[in-house]
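# Results of the structural survey
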Amino acid sequence: MSEAKSWPDTIRAGECEQHEPLVRRVLAPNPSPYTFTGTQTWIVGAGNDLAVIDPGPTGSGMSIGDPPDANGAGHVDAILRATKGQRVAAILCTHTHRDHSPAAAPLKAATGAPIVGCAPLALSDDGPRADSAFDPDYAPDRVLADGERISGDGWTLEAVATPGHTSNHLCFALVETGALFTGDHVMAWSTSVVSPPDGDMAAYMASLSKLYERGDRVYYPAHGPAVAKPKQLVRGMLGHRRQRERQILRELEKGTAVIPVMVSHMYKGLDPRLTGAAGRSVLAHLLDLKARGMVRVRPDEAGREEWELA
């Protein structure tokens, strides 16, 4: 979730751009405050067969937000143009938000490739979603566990389990080059939204620490620019989350008891369209602090949740 960052993209939606010999991307037409310039579908391989990572939205490409994502129609055709003359051997999904996985089914229908990667997720949320809603129709042919691999002509992708943004989130490591496709877990343009009940701050922090211990050369996220200095970015993200936690504890010390007031104090200059996302991340921090015995919650006279130090 970004407060004020811009990144002029180098390609238009539907175009294909080469990033390194084994990696190219196709940008989906679904820009929004939550998807930045749009979902980036990554194509891996330079030989006879390919892998497609995060095929993106299809049809309306709708997600909950104000305004909703732009139309994602035509993105499958763009992927097929980019892969013409080569066989799509696998369609991989990092997680099942609607800006990532819905195009897997029509792409499978067009190519015959299996859908591989994260587990399906069916979730009934306990409040308004601030990021993309989940894809209820996602149906993988194979679910990858942490460390499992899938290979093709000159490429090998290894699943790296990174729960937190969602419980089913995976990153994919390109073994031959040291690149890591990070989905929504780590992005340079923005911090990831962690929205309970499926989003979990403790799991997210543990997954960040897990990536920090790795030696990946470059990150290719699903939104925004590639990350040339992964350790530096992840270290900064861990520090940012710890700073947010300290801010929340200071707000509670001052007697601030409700999340909307915390957000107004903590997120100065925030795009009003992102207020809901900020509130969900604050809630995720509070739930983590509650699990650690540092805060507690109680209902006020109107039945609303009020938070206080334990």
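Before reading on, note that the structure itself is shown above.
This write-up is about the structure you can find in this document. Bear in mind that the values here come from a model prediction, so they are computed numbers and not experimental data. What you see as residue numbers is a count from 1 along each chain, following the sequence as written. For this predicted model, a pLDDT threshold of at least 70 governs which residues receive local features, and a threshold of 80 or more governs which side-chain atom pairs are given and counted, while totals over whole chains, interfaces and linings are taken from all residues. Only hydrogens and water are removed before side-chain values are computed, so all heavy atoms of the structure are retained for them.

### Examining the pairing of strand β13 (residues 295-299)
Put simply, the rule is: The pairing criterion for strands is at least two bridges between them, as found by DSSP. Each helix is a run of DSSP H or I of at least 4 residues and each strand a run of E of at least 2, with the numbering of both proceeding from the N terminus.
Here β13 pairs with strand β14 (residues 305-309) via five bridges, running antiparallel. Paired with Arg298 across the two strands is Glu306, which belongs to β14. A loop of five residues connects β13 with β14, the two strands running antiparallel in sequence, and Gly303 in this loop sits at a positive phi of about 90°.

### So, the packing of helix α5 (residues 259-266) against helix α6 (residues 275-291)
Rules: Axes here mean lines fitted to C-alpha atoms, for a helix over just the part in contact, with angles spanning 0 to 180 degrees between N-to-C directions. Convention used here: angles under 35 degrees read as roughly parallel, angles over 145 as roughly antiparallel, angles from 65 to 115 as roughly perpendicular, and any remaining angle as oblique. In this analysis, two residues are considered to be in contact whenever any of their non-hydrogen atoms come within 4.5 Å of each other. Any residue outside Ala, Val, Leu, Ile, Met, Phe, Trp, Tyr, Cys, Pro, Asp, Glu, Lys and Arg is labelled polar, Gly included; the first ten of those are nonpolar and the last four are charged.
Across the interface, α5 lies against α6 with an axial gap of 9 Å and an inter-helix angle of 110°. One element, α5, and the other, α6, form an angle in the roughly perpendicular class. Contacts between α5 and α6 involve Ile259, Met262, Val263 and Met266 from the first element and Thr275, Ala278, Gly279, Val282, Leu283 and Leu286 from the second. Partitioning the contact of α5 with α6 into residue classes produces eight nonpolar, two polar and no charged.

### Let's talk about the nonpolar core
To keep it simple, the criterion reads: Residues belong to a common nonpolar core when they are buried Ala, Val, Leu, Ile, Met, Phe, Trp, Tyr or Cys residues joined through side-chain atoms within 4.5 Å. Note on classification: 1.4 Å probe, protein chains only; a residue is buried when its accessible area is under 20% of the maximum for its type, exposed when over 50%, partly exposed between these limits.
The biggest cluster of nonpolar side chains holds 41 residues, and the ones touching the most others in it are Ile53, Leu92, Trp155, Leu157, Phe172, Leu174 and Phe181. Among the elements that take part in this core, strand β5 (residues 87-93) stands out by supplying six residues, more than any other. If we skip the residues at most four places from it in the chain, Trp155 touches Val44, Gly45, Asp49, Leu50, Ala51, Ala89, Ile150, Leu174 and Glu176. In this structure, Val263, Met266, Leu286 and Val295 belong to the second largest nonpolar core, which totals 20 residues.

Fair warning: the whole summary comes from geometry, so function is off the table for now.
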